[in-house]
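Residue-level structural notes
These are the residues of each chain, in order.
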Amino acid sequence: MAHPPARPPGIGVGTWAWGNQLLWGYDPSQDPVLEATFAAAVEAGLHTFDTADSYGTGRFNGRSEALLGRFVAALPPARRESLCVATKLAPFPWRLGRQGYQRAFEASKQRLGGRVDLVQLHWSTARYAPWQEGPLLDGLADLVQRGEVGALGVSNMGPRRLRAVHRRLADRGVRLSSLQVQLSLLASEPIGSGGVADVCRELEIHLIAYSPLALGLLARPLDRQTWPAGPRGALFRRLAPALVDLQAEMARIAVGQAGGLAAVALNWCRAHGAMPIPGLRRPEQVEQAAAALSWTLNLEDRARLDGLARALEARMPANPFQSD
């Protein structure tokens, strides 16, 4: 397992659920609550907001970026400047060549109110269309070199592909700023020996953990008997019976600490050098996430959680686009 950093990273905010009806039951009537959630996050010091041009379903495609852009624009200028606004561009089959992302980037930037601090390749095409990825990365590097975006990151890459992309960008004089992968106590592969956490530390790439709460399962009270609707509920019912020992240990660690089970799960990611970006939809969820910043896991607790995570047979489904 990876060694803890000298100073744990902060905590950001994921916005996958903003506009997603299929998994999260989004409805426009939720927008005021999402805006209050955003405001609470900024106030609490959660200043990195991550979105993507593919977030949103059906007629709400692009809604996550549009909502985030609207909320950012409403802030006072000084507050606005303190944020990091990050988005991911999907390598859809029709996005080809060095200019393949140009229209997509302009559309995302417009939805985000003209503000993009970090642009990310949403996933690698190395496994199914290796010829597509290089030119798209070159196009993103062009954006950085022209000063149109502050930094470049990638997502859903394993250690081998990450090293190759880092070399390609370094040859152009462009720094690979970040890697975003699924990382939680139910998806701990990135922190295994030789995993991407090791590579990120070696190459000084910021590691970002999405789904750090396993779609909310790791923040779920142990005695709750109701389940979410739809696919999340089905997943929770399948995984929950195998989590008794893990959640008992999380509950033990949470005693006397702020933020409950959610804070334990988030601080486990931070203890491994990753900035977690939990999906936040309500102000009370912001309170839990922000509370995690007030404490850190000690080495003994981290080691016990590592062992339980390794032993689990029940795991989150892997992202189908994750490369080696």
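Here we summarise the structure given alongside this text. Keep in mind that what you see is a predicted model, and the values were worked out from it rather than measured. (Residues numbered from 1 in each chain as written. Predicted model: local features only at pLDDT ≥ 70, side-chain atom pairs only at ≥ 80, totals over all residues. Heavy atoms only, no water.)

On to the overall build of the protein, then. In terms of helices and strands, the protein carries 13 helices and eight strands. Relative to a compact globule of 324 residues, whose C-alpha radius of gyration would be 20 Å, the protein shows 19 Å and is just as compact. Overall size of the protein, expressed as C-alpha extent along the three principal axes, is 50 × 45 × 35 Å. Per-residue burial over the protein gives 53% buried out of 324 residues. Restricting to contacts in the protein with at least 6 residues of sequence separation, those with at least 24 account for 79%. A total of about 13,900 Å² of accessible surface is found on the protein, and carbon and sulfur atoms cover 54% of it. Seen as two clouds, the 36 positive and the 29 negative side-chain charges of the protein have centres 3 Å apart. (Helix = DSSP H or I, 4+ residues; strand = E, 2+ residues; numbered from the N terminus. Rg over C-alpha atoms; globule rule 2.2 N^0.38 Å. Buried < 20%, exposed > 50% of the residue type's maximum accessible area, 1.4 Å probe, protein only. Contact = heavy atoms within 4.5 Å. Areas by Shrake-Rupley, 256 points an atom, 1.4 Å probe, with all protein chains shown as cover. Lys, Arg positive; Asp, Glu negative; His and termini not counted. Charge placed at Lys NZ, Arg CZ, Asp CG, Glu CD.)

This next bit is on the state of the cysteines. The full count for this structure, using the stated rule, is zero disulfides. Looking at the unpaired C200, the closest cysteine sulfur is the one in C269, lying at 13 Å. Judged by relative accessible area, C200 falls into the buried class, the value being 3%. (Disulfide = S-S within 2.5 Å.)

The next subject is the pairing of strand β5 (residues 151-155). Counting buried residues along β5, five of its five residues qualify, which places the element largely inside the surrounding structure. Judged by which residues are buried, β5 turns out to be covered on both faces: A151, G153 and S155 on one side and L152 and V154 on the other are all buried. Direction of pairing for strand β4 (residues 118-121) relative to β5: parallel, over a ladder of four bridges. Bridge pairing in β5 links V119 to L152. Note that the unit made of β4, helix α6 (residues 130-145) and β5 has a crossover that is right-handed. With four bridges joining them, β5 and strand β6 (residues 176-182) adopt parallel strand pairing. By the bridge assignment, V154 is partnered in β6 with L179. The parallel pair β5 and β6, bridged by helix α7 (residues 159-171), forms a crossover whose chirality is right-handed. (Pairing = 2+ DSSP bridges. Right-handed = clockwise from strand over helix to strand, strands pointing away.)

Each full turn of the α-helix corresponds to 3.6 residues, which orients residues three or four apart in the same direction. For helix α12 (residues 283-292), the full list of buried residues reads Q285, V286, A289, A291 and A292. Of the surrounding secondary structure, the elements contacted by the buried residues of α12 are α2 (31-44) and α11 (260-271).

Here helix α5 (residues 102-111) has its buried residues at A104, F105 and S108. When α5 is viewed along its axis, its buried side chains cluster within an angular range of 100 degrees and face the same direction. Exposed residues lying more than 90 degrees from the buried face of α5 are R103 and Q110. Where α5 is buried, its residues meet α3 (63-73), β3 (84-89), β4 and α6. Phi turns positive one or two residues past the end of α5, at G113, with a value near 70 degrees. (Arc of directions from axis to C-beta.)

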